[in-house]
Every structure is written in structure tokens, then in C-alpha cells.
Amino acid sequence: MKLNELLQVTQYLQKYKSITSIGRVDDTIIKIVFDKGEVLFFDMRRGDSHIFKKKDYKRAKLFQAPFDVVLYKRFNRSHIDSFEVVKGNRILRLHVSANSSYKAQSTILQFEFTGRNTNAIILDEDEVVLEALRHIDSSVSYRSIKVGEKLEELEVKEFSEKPSNIGEDIEEYFKNEYFRRAEIKLTQVKNQRLIVLQKKIDKLQKLLGNLDDEDVLLEKSAKYEFWGTLVLSNLHLVKAYQKSMKIDDFEGNEVEIVFPKEARTPSEAGNLLFKSAKKLKRKAKSLYKERESLEDKVAFLENMKKVISSAKDESEINILLPKQKQVKKTKKVQVSYESFYMEGFKIMLGKNEKGNEELLKEAKKRDIWFHIKDIPSSHVIIRTDKANVPQSVLDFAAKI
């Protein structure tokens, strides 16, 4: 955000006298509801920080980091004392006061629109850092940002900027700030997520292609069983040291039988052949379950690709397929339903018939159940935990 634009925005903000509610709705986006229910979003992403307006911004989760706790405590239902732009810097300061049970607290919320060092910092009246969106160590920058330390001022700069893009209608400017970026970002996010989904599909397809053929396994099982019968029926003809034998079957055809390597005696060879036959038969019978499971997963991911491709909003994509984070690998419990989170509510979607059954078994009395009327479809459950579910969450659950 340019300095001349920030000055114009600050002039516009002077009309607000209080903050009704405040909180993060994304990793770098802070939503502020001012008096009269007017909403502004402060996107503090590095290199592209800006302020925008958007109707119906979907929040995937509730943020409860120390920054969010202090932000809520100090600014929710607070009175705005003033807005100011720090001289010679792209920094907006929001001064508020809130009456606690002991005394009136004065707090500053400092939005730093400074390119790669963009930040949102909460300060007390003595300029001491209470919390920050990004903590910065002195080993990384000359200006550290640590809780409990006094914040060092940035050097005053001279700015040579192009004319402001705001124009006469600042409301339209706030809306355009979102939509101007949204289309490009939406395309990028779609492509990223579609690549991730396709990789998963390719991996599952490879597993499907590598599955054994049931008929081949059953044929092999029958052969081993027959060999086992011949060996045990003709033990008197086999020497103890033999590793194979040639013998006529029950129809007079010569059969050569190679004993399993681990067999120490002809008798043990016969029993091992029977054991292998049973194992192959069990594997053949269980293969269809494995194949069905893999096919269900592929079908679900293909459907997910269609949903992602048709999405009109980045926030929806981030709910359906959250950003990948590096986490420690733990053994996953296999479930037949998918879970999404929106506004802190857990939404569960059955992937197949088994998943639908699992959801109904796990559902609690106060949960909300969705199903398309008179048409086979996935079951969807919203875990309410006895809380009132917002309309936006109900709409999203119905949509998926």
C-alpha cells in the first residue's frame, strides 16, 4: 500500500468511533467490525499488504494464538481514540481504550505496510510490545520485535510514489482491492491444489494397477492345493532328501512338483503347499475390498477436482483443501469420511456408503445432518457441540 493511499484511507477511518469485534480470519488477514456493523479486512501479507472489503469472507478456523488472545482482549468492544499515520512511514496506528474491571486500558494496534517486513503489532501506552503477528529476533533484523520489549521506531523516509489509485469512491476502492487480486490468486490456488489432487490420484491409480489378478491367485491356489494332496498321498515314494518329485496325477498325467525351499521333509513340503494355497485364496477374496477402497478414493478425489475447478472463492478452496503444512508423520486412522473446518465448526462428509454409515454412528443428538432429498448422495454432519451454527456454515455444508 502506497503512503498517499494510506493517508486517504486514514482520513476515511476517522468516522469510526468504536470497534464491535476483531479477529483473524486467515493467517495474515485481520477482520475489524466497526460501529454500525461496517467491516474492513487488513491483509498483512508480506509484499502485498492492503485493506479491502468483501461480503461473506469464509473463515476456515478459529485462531487462538497468543496474538489472537491479546487482540481480542484489548480491542474487542473498545472505544477508538484516534487514527494516525506515522510521519515518513507506511504505518497506520489505531489508538483505543477499553474499560477493564480495574482501570481503563490504552492500547495501540500498529499496522506496518512496509513490504517484506509487513507486520501487525500490539503495543501498550508505553510503546512496549504486547504481541505481534510476526516476532522478529535481533539476529535477523536490527529492529527486533519481542514481547515485553519497547518497540524501536523506524527511520523516517522520503517516498516518491505514483498517484493514488483510490479516486473519488473509497468504498469502491476497498472492494476493488480484493477483486483486483482475487482472480489472479484464485487461478494460482486452483492450479496448486489441482496438482496436489492429481498427484494423489496418480498414486492411487498406480496402486490399483499393481494389484494382483484375483483369477490368477485362485488358479495358483488350486494348483498348490492339488500339489499338496499329491505329495501327502505319495509320501512312501519320496526320499527324505528330495527337493522335487515327478508323479502321475489321478488322471495318469505326469506332474513335476518343486517343494518349497523352507521345507525340511517331503511331509512338511505338502503341508506348506496347503498353507500357501489357503493364503492365496484369502488374498484373492480380500482383493476386491482393497480395489473397491482405492476406486472410492479415486472417485472422491475426482469429484474434489471438479469442486475446486468450479470454486469462485479462494477461501472455499482453503476450507476444502487446506494449505499443506510440514507435520510429524503419525500413523493415520483410516476413515471413510472427510473433515473440513469452518468458523471453528467441524463438517464431516461421507466419501462412500461405508463413510455415510460411520457418520451416522458417530453423530450426536445435537449435530446437524444433511442429505439430498430422494437422491443417493453423501451424508454431511455438522458437529455443533450445542452451539448455534451460523447460516454461512449451514450453506457451505449444504453446498459440499
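Above this text you will find the structure in question.
Residues numbered from 1 in each chain as written. Predicted model: local features only at pLDDT ≥ 70, side-chain atom pairs only at ≥ 80, totals over all residues. Heavy atoms only, no water.

Asks: Help me get a handle on the nonpolar core, residues and values and all.
Replies: Val9, Ile19, Ile32, Phe42, Phe111 and Phe113 are the most contacted members of the largest nonpolar core, which has 37 residues in total. Excluding residues within four positions of it along the chain, Phe113 makes contact with Met1, Leu6, Phe42, Met44, Ser49, His50, Ile51, Arg90, Leu92 and Thr118. Within the second largest apolar cluster, 34 residues are counted, among which are Ile201, Leu204, Leu301 and Phe396. (Core = buried A, V, L, I, M, F, W, Y, C linked by side-chain atoms within 4.5 Å. Buried < 20%, exposed > 50% of the residue type's maximum accessible area, 1.4 Å probe, protein only. Contact = heavy atoms within 4.5 Å.)

Asks: I'd like a rundown of a negative patch on the surface, residues and numbers included.
Replies: Side chains of Glu292, Glu295, Glu353 and Glu357 sit close together on the surface and give a patch of like negative charge. Those elements that provide at least two residues to the negative patch are helix 5 (266-310) and helix 7 (353-362). Following the sequence through the fold, Glu292 ends up in helix 5. (Patch = residues over 30% accessible without salt bridge, like charges linked within 9 Å, V, L, I, M, F, W, Y side chains within 5 Å. Areas by Shrake-Rupley, 256 points an atom, 1.4 Å probe, with all protein chains shown as cover. Salt bridge = Lys/Arg side-chain N within 4 Å of Asp/Glu carboxyl O. Lys, Arg positive; Asp, Glu negative; His and termini not counted. Charge placed at Lys NZ, Arg CZ, Asp CG, Glu CD. Helix = DSSP H or I, 4+ residues; strand = E, 2+ residues; numbered from the N terminus.)

Asks: Account for the sheet that holds strand 12 (residues 337-342), naming residues and giving values.
Replies: Pairing is antiparallel in the open sheet, where four strands are placed in the order 12-13-15-14. The open sheet has two free edges, formed respectively by strand 12 and strand 14 (368-370), since each of these has just one partner strand. Averaged over all pairs of adjacent strands, the angle between their axes in this sheet comes to 20°, without regard to strand direction. Bridging between strand 14 and strand 15 (residues 380-383) involves three bridges; their strand directions are antiparallel. Following the sheet pairing, Phe370 is matched in strand 15 by Val380. (Pairing = 2+ DSSP bridges. Axes fitted to C-alpha atoms, helices over the stretch in contact; angles between N-to-C directions.)

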